Amino acid sequence: MSAPRTDPVAIGIAGLGAAGRAFLPAIARHPGFRLAAAAEPSAQVRGEALAGLGAKGYDSVQAMLAHPGLQAVYIATPTALHPQHVLQACSAGVHVLVEKPMATGLDEARTMVQAAQRAGVILLVGHSHSYDMPIHAMRRIIDTGKLGHVRMVNTWCYTDWVYRPRRPDELDERQGGGVAYRQGSHQFDIIRLLCGGKAQSVRARTFDMDPSRPVIGAHVAYLDFADGAAATAVYNGYGRFSSMDLTFNVSEWGHLQPPGSRPKTSAGGSDPQAELAAKQARARGAIPADAPLQPFFGLTLVSCEGGDIRQSPQGLHVFTPQGVEDIALPTDRSPRDLVMAEFHDAITGRAPAIHDGRWGLANLEVCAAAIESSRRGGDIRLREQVGLPIRP
């Protein structure tokens, strides 16, 4: 671990789509970071996103990595480009935060982990919804031991993911597309965090249910853990039912959206250029920086030996034989604020990262195993059994 820093870490962003733009407020709010540069091939997008921020714009990641004094980079480029860009960043000796899923294949992900280890830099994988404040709070309650061991975690999410505007790679399983990779990365990360990390096997079914929009658009997965816990993940991206009907009408990002007020999304028809334009337009405000309520990536319910925990709009409901305890949580820190806090703590040596490269590799293995299990019709044993680090 490096010695603690006092000066802000100069960070760059690679890719200014929805994910990249969503991190701009979180970087600005963290006193330990300074946005120094950004790489984006579209001059129009680059100019619009960086206006007034004082950061230098570049048209390629390689050019940005040569920016004087750059110390860290957030990689939010398409998934298939993550390995190339992570290896370039490691070669430049900068710390790396890479968007999930970290790669399109396990061998590439292992190469990324090894490159970071050789370079002596931090590799963090996120954002995922395991950074949501209620998920963090669930883990803290589990760590106290007052409810006993976790026995079950079940998470359900129903959205219109399939019909949102997409690049072709986001619909191509070979390039890390489809919900098993892109949304399973959230669900399996949540499950592993709450169950302690060491998933042993996966059994799953994936579904492609609309011939006009061919993609893995839904899945059901069952995970077994080393300590006897079990978990299920259900995701349906076909937009007919909304899991907001199970989560007090609160959206993925913590906004109240009762039926009738929920935005309708459209992929832009059969014209790829129109769909790309729609995606770029949606990226400007797809992920809000602040919210009045707690975020809900669907419904997550934890069952421990002595009680159950679920999210509420203000925080958590904890159910025990003594009754229901309501726990209020702050809303002044977004999930991406918590990503930046973990990244900074890891860079400065204050605390080991949970979502490091090996953790991200283990999440990716679960995603790939879910797809393989559906093809084979059986259980898939997992190699990357990574547990939670010991944190101060």
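Look a little higher up for the structure.
Bear in mind that the values here come from a model prediction, so they are computed numbers and not experimental data. (Residues numbered from 1 in each chain as written. Predicted model: local features only at pLDDT ≥ 70, side-chain atom pairs only at ≥ 80, totals over all residues. Heavy atoms only, no water.)

A short note on the packing of helix α5 (residues 106–119) against helix α11 (residues 357–376)
Here is step 1 of the chain: Two numbers describe how α5 lies on α11: the axes approach to 9 Å, and their chain directions differ by 175°. Regarding the angle of α5 to α11, the classification is roughly antiparallel. Residues L106, A109, R110, V113 and Q117 of α5 form the contact with α11, whose participating residues are G357, R358, L361, L364 and E365.
Here is step 2 of the chain: For the contact of α5 with α11, the residue count by class is five nonpolar, two polar and three charged. (Axes fitted to C-alpha atoms, helices over the stretch in contact; angles between N-to-C directions. Helix = DSSP H or I, 4+ residues; strand = E, 2+ residues; numbered from the N terminus. Parallel < 35°, antiparallel > 145°, perpendicular 65-115°, else oblique. Contact = heavy atoms within 4.5 Å. Nonpolar A, V, L, I, M, F, W, Y, C, P; charged D, E, K, R; others polar.)

Some thoughts on the sheet that holds strand β10 (residues 230–236)
The strands that make up a sheet pair up through hydrogen bonds in the backbone, lying either parallel or antiparallel.
Here is step 1 of the chain: Overall, mixed pairing links the nine strands, which are arranged β14-β13-β12-β11-β7-β10-β9-β8-β15 in an open sheet. Each end of this open sheet is capped by a strand with a single partner; those strands are β14 (323–328) and β15 (380–381).
Here is step 2 of the chain: Pairing of strand β8 (residues 199–207) with strand β9 (residues 218–225) involves eight bridges; the strand directions are antiparallel. Considered in β9, the bridge of A204 is made with A221. (Pairing = 2+ DSSP bridges.)

Brief notes about the pattern of salt bridges
Close approach of charged atoms allows side chains with opposite charge to pair.
Here is step 1 of the chain: Evaluation of the coordinates by the stated rule reveals 19 salt bridges.
Here is step 2 of the chain: The shortest N-O distance in the salt bridge between E48 and R21 comes to 2.9 Å. One end of the pair, E48, is in helix α2 (residues 43–50); the other, R21, is in helix α1 (residues 18–29), with 27 residues separating them in the sequence.
Here is step 3 of the chain: With a closest N to O distance of 2.8 Å, D143 and R139 form a salt bridge. Taken together, the residues span about one helical turn, with D143 and R139 both in helix α6 (residues 133–144) at a distance of four residues.
Here is step 4 of the chain: On the accessibility criterion, D143 (54% relative accessible area) is exposed.
Here is step 5 of the chain: Residue R139 is classed as buried on the basis of its relative accessible area, which comes to 15%. (Salt bridge = Lys/Arg side-chain N within 4 Å of Asp/Glu carboxyl O. Buried < 20%, exposed > 50% of the residue type's maximum accessible area, 1.4 Å probe, protein only.)

With respect to the sheet that holds strand β6 (residues 123–125)
Here is step 1 of the chain: One open sheet accounts for six strands, arranged β3-β2-β1-β4-β5-β6; its pairing is parallel. Here the strands that pair on one side only, and so sit at the sheet edges, are β3 (56–58) and β6. Each neighbouring strand pair of the sheet contributes to a mean axis angle of 25°, computed without reference to strand direction.
Here is step 2 of the chain: Bridge analysis of strand β2 (residues 33–39) against β3 gives three bridges, and the strand direction is parallel.

Focus: the nonpolar core
Here is step 1 of the chain: With 112 residues, the main nonpolar core has V96, M102, L123, L223, V302, M340 and F343 as its most contacted residues.
Here is step 2 of the chain: Take this core: its biggest share by element is nine residues, from α11.
Here is step 3 of the chain: Sequence-distant contacts of V302, defined by excluding residues within four places in its chain, comprise M138, I142, V150, M152, V153, L194, G307, D308 and I309. (Core = buried A, V, L, I, M, F, W, Y, C linked by side-chain atoms within 4.5 Å.)

Quick notes on the packing of helix α4 (residues 82–91) against α5
Here is step 1 of the chain: One can describe the packing of α4 onto α5 by two numbers: an axis separation of 9 Å at closest approach and a directional angle of 10°. By the angle between their directions, the pair α4 and α5 is classed as roughly parallel. Listed contacts from α5 to H82, P83, V86, L87 and C90 of α4 are E108, T111, M112, A115, A116 and A119.

Points about a nonpolar patch on the surface
Here is step 1 of the chain: On the surface, F207, M209 and V220 cluster together into a nonpolar patch covering about 230 Å² of accessible area.
Here is step 2 of the chain: One can find F207 in strand β8.
Here is step 3 of the chain: You can call F207 partly exposed: its relative accessible area is 33%. (Patch = residues over 30% accessible without salt bridge, like charges linked within 9 Å, V, L, I, M, F, W, Y side chains within 5 Å. Areas by Shrake-Rupley, 256 points an atom, 1.4 Å probe, with all protein chains shown as cover.)

A look at the side chain of S185
Here is step 1 of the chain: With respect to the helices, strands and loops of the structure, S185 is situated in helix α8 (residues 184–195).
Here is step 2 of the chain: Residue S185 is classed as buried on the basis of its relative accessible area, which comes to 5%.
Here is step 3 of the chain: Here S185 is in contact with K100, P101, S128, A180 and C367, once residues within four sequence places are set aside.

Some remarks on the pairing of strand β1 (residues 9–14)
Here is step 1 of the chain: Taking burial as the measure, the six residues of β1 include six buried ones, the bulk of the element.
Here is step 2 of the chain: Burial along β1 is two-sided: the face carrying V9, I11 and I13 and the face carrying A10, G12 and A14 are both buried.
Here is step 3 of the chain: Sheet topology places β1 next to β2; six bridges connect them, and they run parallel. Looking at the pairing, A10 lines up with R34 of β2.
Here is step 4 of the chain: Bridge analysis of β1 against strand β4 (residues 72–75) gives four bridges, and the strand direction is parallel. Each bridged residue has a counterpart across the sheet, and for G12 the counterpart in β4 is V73.

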